[in-house]
Amino acid sequence: MKIIITAGGTSEKIDDVRTITNTSTGRLGYAIGTAFVNNYAGDIEKIYYLHGTRAPYVESDIVEPVRIGGVADLQRQLERLLTEEKIDAVIHAMAVSDYVVKEVTTLDRIRGVEDAEHGADLSGNKISSDIDDLVIHMKRSPKVIGIIKKLSPETTLVGFKLLSGVPHEELIAVGRGLMEKNDCDFVLANDLREIDAEHHRGYLIHRSGAYDSMESKEEIAEMIARRVMEKGRSFA
């Protein structure tokens, strides 16, 4: 089998030294990669581990780490792998930015009152720290998960949905919605209020509507690896 795991968070460039990112640590993706390596290495030819710049990757002979910057970089790497390789499963745990930087400007420039001769200089590789009222204009990023089954319909896809402070029924319903919209085979639904340093409750939703309940990152990782391998073997 060949598997893609995405982990950590994307980072969108403002200039060459500044980025906008999210709080994802990549720990869940790391646990999932570890579960595959520890339990199923003999059945796996390659794990392509697409990870954010701050996220660790699993070190193993079967793991090929691919460092990811922004959303466009993630999409490019996924398209490359899904078209050049026969990928059996994608575990898309990466926290992908909903917005990317379109342009950087200033409040005075937007208002049309900036002095043309002495206005802010936004050129160069690093924006000056002397500029007051810097404005970052962002636009919505593409939903990368939506291209996976379109490029590789037979690939097993595990999607992830994180909400915060919602009723359990709503969490499961939103997870099922993500599944239907993107043709996922499984969706891991979790609520931020049920995650802390010691615990991580998650619900792995199946196409049938049933779901597995787990209480830690390790349990989640083990269950995802198990379900993906079970599905792969059923089609072998």
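Residues numbered from 1 in each chain as written. Predicted model: local features only at pLDDT ≥ 70, side-chain atom pairs only at ≥ 80, totals over all residues. Heavy atoms only, no water.

Colleague: Honestly, the overall build of the chain in this entry has me stumped. Any pointers?
Modeller: From N to C terminus, the chain includes 6 helices and 12 strands. Viewed in the frame of its principal axes, the chain has a C-alpha envelope of about 70 × 40 × 35 Å. Per-residue burial for the chain yields a buried fraction of 46% across its 236 residues. With the model as given, the accessible surface of the chain reaches about 12600 Å², and the carbon-plus-sulfur share is 47%. Side-chain charges in the chain split into 30 positive and 39 negative, and the spacing between the mean points of these groups amounts to 4 Å. (Helix = DSSP H or I, 4+ residues; strand = E, 2+ residues; numbered from the N terminus. Buried < 20%, exposed > 50% of the residue type's maximum accessible area, 1.4 Å probe, protein only. Areas by Shrake-Rupley, 256 points an atom, 1.4 Å probe, with all protein chains shown as cover. Lys, Arg positive; Asp, Glu negative; His and termini not counted. Charge placed at Lys NZ, Arg CZ, Asp CG, Glu CD.)

Colleague: How should I be thinking about the sheet that holds strand β1 (residues 2-7) in this particular structure?
Modeller: Where strands meet in a sheet, backbone hydrogen bonds hold them as pairs that are either parallel or antiparallel. Taking strand neighbours across the sheet as the criterion, the 8 strands line up as β5-β4-β1-β6-β9-β10-β11-β12 in an open arrangement whose pairing is mixed. Unpaired on one side and paired on the other, β5 (63-68) and β12 (211-214) mark the two borders of the sheet. The sheet shows a mean angle of 15° between the axes of neighbouring strands, taken without regard to direction. Against the sheet, helix α1 (residues 27-40) contacts β1, β4 (46-52), β5, β6 (89-92) and β9 (156-163), and its axis sits at roughly 160° relative to β1. Packed on one face of the sheet, helix α5 (residues 168-182) meets β9, β10 (186-191), β11 (202-206) and β12 and runs near 45° to β11. (Pairing = 2+ DSSP bridges. Axes fitted to C-alpha atoms, helices over the stretch in contact; angles between N-to-C directions. Contact = heavy atoms within 4.5 Å.)

Colleague: What should I look at first to understand unusual backbone geometry in this one?
Modeller: Apart from glycine, the bulk of residues carry a negative phi angle, and the bulk of peptide bonds sit in the trans form. Despite not being glycine, D133 shows a phi value in the positive range, around 55°. Structurally, D133 can be placed in the loop between α3 (107-111) and β8 (134-140). The backbone of D183 sits at a positive phi, close to 60°, despite the residue not being glycine. Here D183 lies in the loop between α5 and β10. Overall, D183 belongs to the partly exposed group, its relative accessible area being 33%.

Colleague: Would you explain the pattern of salt bridges in this entry?
Modeller: For side chains of opposite charge, pairing can occur when their charged atoms come near one another. A complete count under the given rule lists 18 salt bridges for this structure. One salt bridge connects R207 with D183, and the closest N-O pair in it is separated by 2.7 Å. On the criterion of sequence distance, the pair formed by R207 in the loop between β11 and β12 and D183 in the loop between α5 and β10 is long-range, its members being 24 residues apart. Relative accessible area serves as the criterion here: at 47%, R207 is assigned to the partly exposed category. (Salt bridge = Lys/Arg side-chain N within 4 Å of Asp/Glu carboxyl O.)

Colleague: What's the story with the packing of aromatic side chains in this structure? I'm lost.
Modeller: The description of an aromatic ring pair uses the distance of the two centres, along with the angle that the planes make with each other. If you walk through the whole model with that rule in mind, you get 2 aromatic pairs. Ring centres of Y203 and Y211 lie 5.8 Å apart, and the angle between their planes is 90°; this geometry places the pair in the edge-to-face category. By relative accessible area, which is 7% here, Y203 ends up buried. (Phe/Tyr/Trp six-rings, centres within 6.5 Å; stacked < 30°, edge-to-face > 60°.)

Colleague: Help me out: how do you make sense of the nonpolar core in this one?
Modeller: The nonpolar side chains of soluble globular proteins are, as a tendency, buried together. Core analysis: the biggest nonpolar cluster contains 32 residues, and I32, F36, I47, I91, F160 and I224 have the highest contact counts within it. Of all the secondary-structure elements, those providing two or more residues to this core are β1, α1, β4, β6, β9, β10 and α6 (217-234). Filtering out sequence-adjacent residues up to four positions away, F36 remains in contact with I3, I5, A41, I44, I47, I91, I224, A225, V228 and M229. If you look at the next biggest cluster of nonpolar residues, it comprises 30 residues, including L50, L81, V90 and V166. (Core = buried A, V, L, I, M, F, W, Y, C linked by side-chain atoms within 4.5 Å.)

Colleague: Mind showing me how you'd approach the side chain of D15 here?
Modeller: For D15, the position within the fold is in the loop between β2 (12-13) and β3 (19-20). Of the polar contacts made by the side chain of D15, one reaches the backbone nitrogen of V17; its length is 2.9 Å. In this structure D15 touches N125, K126 and I127, once residues within four positions along its chain are discounted. (Polar contact = N/O pair within 3.5 Å; in protein donor to acceptor, adjacent residues only side chain to side chain.)

Colleague: I keep staring at the pairing of β1 and nothing clicks. Help me out?
Modeller: It is a general feature of regular strands that their side chains alternate between the two faces of the sheet. Of all 6 residues making up β1, 6 are buried, and the element is well covered by its neighbours. Going residue by residue along β1, you find K2, I4 and T6 tucked away on one face and I3, I5 and A7 tucked away on the opposite face as well. As judged from the 6 bridges shared by β1 and β4, these two strands associate in the parallel manner. Residue I4 lies in a different strand from β4, and its bridge partner there is Y48. The pairing of β1 with β6 spans 4 bridges and is classified as parallel. Bridge pairing links T6 to H92 in β6.

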